[in-house]
Structure formats: structure tokens, C-alpha cells
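Chain by chain, the residues run as shown.
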Amino acid sequence: MSTTNHGWEKTIATHYNEAVEWRRQLHRNPQPGWLEFYSTGFVAEKLAEWGYELLLGEHIIAADKRANVPDFQTLEAEYDRAIKSGIKEQFVAPARGGLTGVVGILRGALPGPVVGFRFDIDGTAAMESDDPSHRPAAEGFVSQNRGYAHMCGHDVHTAMGLLLARHFAENRQTLKGTVKFLFQPNQEELNGAEAMVEKKTVDDVEFLLSGHVGINAMQVGQIATNVVDFMALSRFEVTYRGRSSHAALRPEDGRNALLGACAAVTNLHAISRHSDGASRVNVGFMQAGTTWNLIPEEACLRMETRGVTNGIHAFMVEKAREVLEGAARMYGLELEVKRAATALSAQSSPELIELGTSVAGKLASTADVLDETAYNASEDVTVMMERVQSKGGKALFVLFGTPVGGGHHSATFDVDERVILNGAQFLAAMHEEVAQAGQAQVSRGVCLCRKESRNLPA
Ligand SMILES: [Zn+2]
Ligand SMILES: [Zn+2]
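Residues numbered from 1 in each chain as written. Chains lettered and ligands numbered in written order. Predicted model: local features only at pLDDT ≥ 70, side-chain atom pairs only at ≥ 80, totals over all residues.

Turning our eyes to something else, we now look at the overall build of the protein. Each helix and strand in the protein was counted, giving 13 helices and 14 strands. Expected size for 458 residues packed as a compact globule is a radius of gyration near 23 Å; at 24 Å, the protein falls within 12% of this value. With respect to the principal axes defined by its C-alpha atoms, the protein has extents near 85 × 70 × 40 Å. For the protein, long-range pairs separated by at least 24 residues make up 83% of all intrachain contacts whose partners lie at least 6 apart in sequence. (Helix = DSSP H or I, 4+ residues; strand = E, 2+ residues; numbered from the N terminus. Rg over C-alpha atoms; globule rule 2.2 N^0.38 Å. Contact = placed C-beta atoms within 7 Å.)

Here we take up the sheet that holds strand β14 (residues 394–400). What the eight strands build is an open sheet, ordered β1-β2-β4-β3-β5-β14-β6-β12; its pairing is mixed. Of all the strands in the sheet, just β1 (53–56) and β12 (368–370) have a single pairing partner and so form its edges. Adjacent strand axes in the sheet meet at a mean angle of 20° when their direction is disregarded. One ladder, built from four bridges, connects β1 with strand β2 (residues 102–107); its direction is antiparallel. Within β2, the position partnered with Glu-53 by the bridge is Ile-105. (Pairing = 2+ DSSP bridges. Axes fitted to C-alpha atoms, helices over the stretch in contact; angles between N-to-C directions.)

Our focus in this paragraph is the domain arrangement of the protein. Per the domain assignment, the segments of the protein are domain 1 (8–230 + 346–444) and domain 2 (232–343). The distance between the C-alpha centroids of domain 1 and domain 2 comes to 35 Å. Between domain 1 and domain 2, the residue contacts involve twelve residues of the former and eight residues of the latter. For the side of domain 1 that touches domain 2, a count of residues per class yields three nonpolar, four polar and five charged. (Domains from an automatic or database assignment. Nonpolar A, V, L, I, M, F, W, Y, C, P; charged D, E, K, R; others polar.)

Turning next to the sheet that holds strand β8 (residues 232–241). Read across the sheet, four strands follow the order β9-β10-β8-β11 without closing on themselves; strand pairing throughout is antiparallel. Across the chains shown, the open sheet's two edge strands, defined by having one partner strand only, are β9 (279–288) and β11 (334–343). Between one strand and the next, the sheet's axes are offset by a mean angle of 15°, whatever the strand orientation. When β9 meets strand β10 (residues 298–307), the two strands line up antiparallel, connected through nine bridges. Paired with Asn-282 across the strands is Glu-304, a residue of β10. Across the sheet, helix α9 (residues 257–268) touches β8, β9 and β10, and the angle it forms with β10 is around 15°.

Residues spaced three or four apart along an α-helix point in a common direction, a consequence of the helix completing one turn every 3.6 residues. Counted at 1.5 Å a residue, the expected span for helix α11 (residues 350–362) with its 13 residues is 18 Å, and the 19 Å between its end C-alpha atoms agrees. Listed in full, the buried residues belonging to α11 are Leu-352, Ile-353, Leu-355, Gly-356, Val-359 and Ala-360. Considered in projection along α11, the buried side chains sweep an arc of 165° and stay on one side of the axis. Those residues of α11 that are exposed and aimed more than 90 degrees away from the buried face are Pro-350, Glu-354, Gly-361 and Lys-362. (Expected span 1.5 Å × (residues − 1). Buried ≥ 20, exposed ≤ 12 C-beta atoms within 10 Å, placed from the backbone. Arc of directions from axis to C-beta.)

Time to look at the environment of Arg-172. For Arg-172, the position within the fold is in the loop between α7 (154–170) and β4 (176–184). Along the sequence, Arg-172 and Gly-108 sit 64 residues apart, while their C-alpha atoms lie 5.1 Å from each other. If we ignore the near neighbours within four places in the chain, the residues touching Arg-172 are Leu-106, Gly-108 and Ala-109.

With that settled, the discussion passes to unusual backbone geometry. Positive phi is not limited to glycine here, since Leu-190 has a value of about 50°. Relative to the helices and strands, Leu-190 is located in the loop between β4 and α8 (192–198). For Asn-216, which is not a glycine, the phi torsion comes out positive at approximately 65°.

Okay, the packing of helix α3 (residues 37–49) against helix α4 (residues 72–84) next. Put simply, α3 and α4 touch, their axes get as near as 8 Å, and they point 40° apart. As summarised for this structure, α3 and α4 are arranged oblique, according to the angle between their axes. For α3 against α4, the interelement crossing comes out right-handed. Side by side, α3 and α4 meet where Phe-37, Tyr-38 and Gly-41 of the first sit next to Glu-78, Tyr-79 and Ala-82 of the second. When its residues are assigned to classes, the contact of α3 with α4 shows four nonpolar, one polar and one charged. (Parallel < 35°, antiparallel > 145°, perpendicular 65-115°, else oblique. Left-handed = near helix turned anticlockwise from the far one by under 90°.)

Here it is as C-alpha cells:
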């Protein structure tokens, strides 16, 4: 079946059935952002068993960069749930309180670059279908944590990451350089990457590889290596604070936060479009006031802006701030704006797109390498990509082909599990290439030193 010379393609494939089991175990135990105690413990135990150095909890998550952290009771209940479902406490205790995620590091026997692999681990707050026509229900791996579900395939990403991690562990004697696995929490709220980047988790990464299943690559064996149009995004929690007073007796004493919020909402949606490309603005939540006869003292909004380039997005954020502040001034209100999520409009490094396209084309598992593919949504891995690239490293984001049942975030989302193997093989092949390139860079360095030393006085 194989058309390439990678000896390891077959050995990765021998662990495929086990990876499917991991995926199904993760699928049965979904937890959304900052509650991923099950996946955190599951991944950490396996990586430790395979000889990876582990970083957990406060060492990889900046607590103050998190937004929308669930309340204490929910955090504790989901933590307990993970323990009762078989997670060993030693692997999840550092994540207690919502510091979820795992970084696993393996140093190879041979010199080479630090290559990072990022996989997201969170589920969605959604009810999975238990209709027998839905395969996870029919085959006994539907969500057991009702109300939460893996409806975006991050269980599949996690299993793919583990399959790859095991491959490196089994080949440590011939592994060039260091592999660093970033199992990232809370992708769905676009908040986990920033919390990890803040802890410098990717500062030493020279090549960063990541991707998503499905999303405009809908057949098994397809792969999109040139993904464009990531939308930069910001989410804000906005609070207006005024003063309450009796609506009939002393309305003139009040400062009406509800009116300020309403003025902000209509004018946010009236921000001009930008001639350079696509932009978005949405207020998705508003809450204000308490009862009939009180001037509302407080109003809250949840809003987001997007732009297809960082420049367009900066324009949207600036205009949104002007509107928010203007509405506050009109009604004599205090304004508080908290950032709740960030994604950038990153681009994969051209050299890695080229390399990825040629690597994918040579793999037996690849049926089709797609041309330029638009993402048209937001991804917080862009924050990691930007950090790596700004330090001189290179980054690549790809789409791994699979049909997706009812679609991402639908109650009947499902994948063709062969994508786990295809993805792991592609990433292993990419690693082989960039480790080689890293070697070349190292030898160039040596040459330069020699040249310099020739110029030294004898
Ligand atoms: Zn999603
Ligand atoms: Zn996703």
C-alpha cells in the first residue's frame, strides 16, 4: 500500500486501533474550556508513561489571561468527575481550579531543532445526539457527560497528538532535536492559546505545526496545506455602570446604563465596513436593569469584532472603542471593557506551506492536496504562530480531510477516524523534513564559525 520509503509509516499504523480507542474514551468524557480535567489527566499519564517531561498547571497557563472561567462549584464538580472516571489525581491535580492543558517534552538522542505540535483538547457546551443513526451512539461512545460534547473533533486532535507522541517516544534513539507537544485548553472560546503563550511555552519553538479536522477539507485523504483568511478577532465583556433612581419620583437623578448599552449596540452594528477586506461585528448578549420602576444602574454586553487582516481588525477595534466610550459619555456612565478572547490573522510560513505540499503529496495516505483554502473563521493557534514567527521560527496550519457528519458544532458531528492516522503520518513526515532542515542550519552555523576562525590571526 505504501508508496513512500518512510519505515515508520507502518509502525504508526500498528497503533491506529489503540488511537481510535483513545479518541472514543475522550469522546465519552467531554468537558469544555477550563474544565478539561479528563483530557488533561488522560494525556499527561500517557506522555509520562512514554518518557516525556511534563509541564502542567501554573507552569503553562497564565491564570489572569483566562476569560469566562466557570464558577468554583462547576470547576470542582468537573474535577471530581474526571477522577471518578478513572483519571489519576497525580496527573490532574496541578490543573485543579481551571489550569488545564499539558505540555510534553521529549529530547531526542540526536541534535536538531525544537519542533512544537499544538492540539486542542476542549469539548463544547452542547448536547450530543443519542439517536441510533449517530455512530457514537450506535457504537457506544456517545458523550457520558450530558450537556457537554466533542462536537468539533478536538478529541480526534488529541488522539492524533498522542499517536504522534508515541511514535517519537518509540524512536527516541534516532529522533533529531526536541519535540514539544502543546495540548491546549479552551480553543472554542479562543482563550487558551494566549494563556499558554503568556507562559512562554512556545518561545523556544523553531517550527510549530498544527491543524484542524474537516473545515473545507471534507474527504478522507484530502489535506489543505495552504490555509488562508484566518479572521483576527477580539471578544470583549463590556459593563456600563450608572446610577439608579426612582423612575417616577426622581428620574433626573438616574444615570441610565441600559440606554447607554442600547446606544452602543446600534452604533456598533453601524461601524463602516472596510474597503480592504472582510470585517465583522456582533453583539451577542445584553443584560441590563432589575425591575419596572428603577433607572437601570448596570448593563452588560458581550461583543466581538473580526477582520480578515490584522489591520482591518485594528480598525474595527478602534471604532468599537470610540462607540463604547461615546455611549458612556452621552449617558454619564462608567465604562469597563475586559478582553475575553484574541485571535490573529496569521499566515503559515511560505517555506512550510511549500514543504507541506510536497510532503503530503508523497504520503500513501494522501489522495488530494488542496489548493489555497479559505478558513473564514478565527483560530487562536494564530497567537502561537505569531509568537513563533516573531522570534524567527516558522509555523504551519493545515486542514486534515474528513467528512464531518452533521457539521462542526452540530449534535451529530462525527468524523471518519482514519483521519487520526493520516494526520499523525503527515506530521511525522513533516517532522522528519524540518529536523533535517534544522540540521542543515546547524551545519551552516558550523561553517560560518570555521570561516571566521580562518580570519583570526594565527
Ligand atoms: Zn469548534
Ligand atoms: Zn475546533
